[in-house]
Amino acid sequence: MSATSRLRQLGTPYVTPHILHKSYAQDADADDDTVHLVGKQIEYFSQAGFDMSKLTLKRNASPAQLYEDAIRNEGAIISSSGALINFSGKKTGRSPKDKRIVFEETSKDNVWWGSVNIKMDEHTFEINRERAIDYLNTRDLVYVFDGFAGWDPRYRIKVRVVCARAYHALFMNNMLIRPTEEELANFGEPDFIIYNAGQFPANRFTKGMSSTTSVEINFKRMEMVILGTEYAGEMKKGVFSVMHYLQPVKFGQLSLHSSANVGIENGDVTLFFGLSGTGKTTLSADPRRQLIGDDEHVWSDKGVFNIEGGCYAKCIGLSAEKEPEIFNAIRFGSILENVVYDPITRKPDYDDVSITENTRCAYPIDYIPNAHVPSVVDRQPSNIIMLTCDAFGVLPPVSRLTPAQASYHFLAGYTSKTPGTEDGVLEPIPTFSTCYSAPFLVLHPNRYASMLAERMAKHNVNCWLINTGWTGGRFGSPAGRRCPLKFTRAIVDSVHNGTLAQVEFERFEVFNLDIPTSVPGVPSELLNPSHAWTDKEAFAREVRKLAGMFIKAFAVYENDVDVSVRAAGPQV
Ligand SMILES: Nc1ncnc2c1ncn2[C@@H]1O[C@H](COP(=O)(O)OP(=O)(O)O)[C@@H](O)[C@H]1O
Ligand SMILES: C=C(OP(=O)(O)O)C(=O)O
Ligand SMILES: [Mn+2]
């Protein structure tokens, strides 16, 4: 079925694409161009089967209009710096246990079914889809946002979001690649549609449902349905899941949960891999480098491109001193999610985590001063930085990885889940999140890992493992603390200015990692965990424990990899 006829099933909604433009159209003195554009748009949407008599449907409404609607209808407020403060209700993080993929003939042999990708049958998808559309039909106002995912025109897809909250429409306006007026006029049929009816619950008695929340992707229909969660991050990660499927399967390119930036002087490209909360967004915003993107990229045959048109930064503990680029991106057009504010001044309080620790801000990429727009580079990466947040405080702040170790650590994906990002996670929980993207992984990890190894070898890329997590002791212990951001930044600088390639290295036993003996701007005793820990016995215990966890977790991949990769992990 075509996307157009799928939209027809929306039934009743539609008045006019740009409601503001409609009033221009009725105005005899209105600019001719505007009337012309509106005329075409209306024609397109009438052809798509919308009955424009009942609902008001706004397509690609301006941020100013969405602000007004969100304030009027959703209780949103304007922050002291001009951002829109919104609340997502009960769910303030993703709901991985309620995320499903439809099992059908196109997905059944491609998808890596198991704990991450829960199966849903086609019929149940139809039930939930209809439920979402029925709900949208009951609203006075429905929003459509049409945009792109992927900055490289060869490998991008057209995405349509249909939702009932202005907050969600503005979020996707910021996170997708915003079309020009011309691109919007010629948009045609979308490749992927998200129906977000998050305010309305799933029916717990529908076969296969385990709660009132349901987030599901159907690759045959190329649609996503959201019920029972208003957390906006589900939409952007839904788009990522689709690209994590389409890039390898359809385009033969490598999608990665990573940030990316490019050196202003040398034009060298760095990819930062990492699960949520490991520092992709924070570390990729760097005054010496241009930002390509903070979260989702494709390493293509030509270079690197961002999938998104914006960033989604964590706000916990945010300050102008520590993270100036992000702090200053919070202004008109940005969305602050679940952030507590002063009722008089409307000043956000980034230290207040009473709603959630997963407070967020979504802003268009060009709000970062050094953004590289269009966010695509015709250059292969020079460095890969694998970010891990080690709650045990065992891994060194930085180590150099051999190609075999890079494959090993990419497949193992060791890190911690950050409090709040997923429903029910209250403290850093150690996890092995394969390809640093388990919640969004669609294909077997080896499909990504083998493409990565091949590209790294072909382009001779350096690889570094950086622990942005605990040092000197484990999470919760008196001696342990998170590696101070300024030291991690100094380490990243030393990767980029070439010093790290020059310094001396020593062996970190058990994990067999090479660690530098000195890095400018970082206290040397911090670099080697066996020096950073004062309680040596406790340290030895934690090393053995973590090594054992690696060995157990890697057993799943052991038979699929080269003997050198198998040998690249910790040895006890
Ligand atoms: N050493 C460090 N490196 C990176 N981030 C750190 C560090 N110490 C604390 N942080 C904090 O950890 C969080 C990292 O989150 P973020 O950059 O949004 O991660 P991601 O983009 O990978 O989800 C930020 O709130 C940042 O201020
Ligand atoms: C938004 C998320 O990830 P990240 O912190 O990597 O942006 C997420 O995991 O829901
Ligand atoms: Mn991020």
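Residues numbered from 1 in each chain as written. Chains lettered and ligands numbered in written order. Predicted model: local features only at pLDDT ≥ 70, side-chain atom pairs only at ≥ 80, totals over all residues. Heavy atoms only, no water.

> Give a detailed account of the pattern of salt bridges, specifying residues and quantitative values.
Throughout the structure, instances matching the rule amount to 31 salt bridges. Between R154 and D301 there is a salt bridge; the shortest N-O distance is 3.7 Å. One end of the pair, R154, is in the loop between β6 (141-149) and β7 (157-163); the other, D301, is in the loop between β14 (296-299) and β15 (304-306), and 147 residues separate them in sequence. On the accessibility criterion, D301 (47% relative accessible area) is partly exposed. Here D295 and K237 are joined by a salt bridge, their closest N and O atoms 2.4 Å apart. Of the two residues, D295 sits in the loop between β13 (289-293) and β14 while K237 sits in helix α8 (residues 233-251), which places them 58 residues apart along the sequence. Here the two residues D295 and K237 agree in accessibility, since each one is buried. (Salt bridge = Lys/Arg side-chain N within 4 Å of Asp/Glu carboxyl O. Helix = DSSP H or I, 4+ residues; strand = E, 2+ residues; numbered from the N terminus. Buried < 20%, exposed > 50% of the residue type's maximum accessible area, 1.4 Å probe, protein only.)

> Residue-level account of the environment of R288, with values.
Secondary-structure assignment places R288 in the loop between α9 (280-284) and β13. Those residues in contact with R288, other than ones at most four positions away along the chain, are G263, I264 and D493. Within the local environment of R288, its side chain forms a polar contact with the side chain of D493, the two groups lying 3.2 Å apart. (Contact = heavy atoms within 4.5 Å. Polar contact = N/O pair within 3.5 Å; in protein donor to acceptor, adjacent residues only side chain to side chain.)

> Talk me through the site of ligand 1; I want residue IDs and the actual numbers.
Lining the immediate surroundings of ligand 1 are 17 residues, of which G277, K280, T281, T282 and E323 lie closest. A distance of 2.6 Å is found between an oxygen atom of ligand 1 and a backbone nitrogen or oxygen belonging to G277. The backbone of T278 places a nitrogen or oxygen atom 3.3 Å from an oxygen atom of ligand 1. Look at ligand 1: alone it shows 570 Å² of surface, and the protein chains cover 90% of it. Of all the secondary structure elements, the ones that give two or more residues to the shell around ligand 1 are α9 and α13 (485-496). Each residue belonging to the shell around ligand 1 can be placed in one class, and the counts come to five nonpolar, eight polar and four charged. Summarising the domain contributions, the shell around ligand 1 has at least three residues from each of domain 2 (263-288 + 381-566) and domain 3 (311-367). (Near = heavy atom within 4 Å. Areas by Shrake-Rupley, 256 points an atom, 1.4 Å probe, with all protein chains shown as cover. Nonpolar A, V, L, I, M, F, W, Y, C, P; charged D, E, K, R; others polar. Domains from an automatic or database assignment.)

> Outline the site of ligand 2, supporting the account with residue identities and numerical values.
Within the structure, ligand 2 sits among R94, Y231, K237, H257, S276, G277, K280, D295, Y312, R360, T421 and F440. H257 has a polar side-chain atom sitting 3.3 Å from an oxygen atom of ligand 2. Residue composition of the shell around ligand 2, by class: three nonpolar, four polar and five charged.

> Describe the pairing of strand β24 (residues 462-467), listing the residues and the values that go with them.
Counting buried residues along β24, five of its six residues qualify, which places the element largely inside the surrounding structure. Here strand β20 (residues 381-388) pairs with β24 via six bridges, running parallel. Counted as the bridge partner of L387 is I466 from β24. Sheet topology note: the strand β21 (residues 398-401)/β24 ladder contains four bridges and is antiparallel. Its bridge partner being in β24, S399 is matched across the sheet by L465. (Pairing = 2+ DSSP bridges.)

> Which residues make up the domain arrangement of the protein, and what are the values?
Domains assigned within the protein are domain 1 (96-251), domain 2 (263-288 + 381-566) and domain 3 (311-367). With 14 residues of domain 2 in contact, the opposing surface of domain 3 contributes twelve residues. Between domain 2 and domain 3, the buried area comes to about 810 Å², and carbon and sulfur atoms account for 54% of it. Of all residues in domain 2, T281, A285 and P419 give up the largest surface area on contact with domain 3, accounting jointly for 39% of the area buried on that side. (Buried area = accessible area lost by both parts, 1.4 Å probe.)

> Outline helix α5 (residues 122-137), supporting the account with residue identities and numerical values.
Between the first and last C-alpha of α5 there are 22 Å, a value that for 16 residues agrees with the 22 Å anticipated at 1.5 Å per step. For α5, the set of buried residues is T124, F125, N128, R129, A132, I133, Y135 and L136. The buried residues of α5 occupy one face: seen down the axis, they fall within an arc of 165°. Two to three positions downstream of the cap, the backbone nitrogen of H123 sits 3.1 Å from a side-chain oxygen, assigning the N-cap of α5 to D121. (Expected span 1.5 Å × (residues − 1). Arc of directions from axis to C-beta.)

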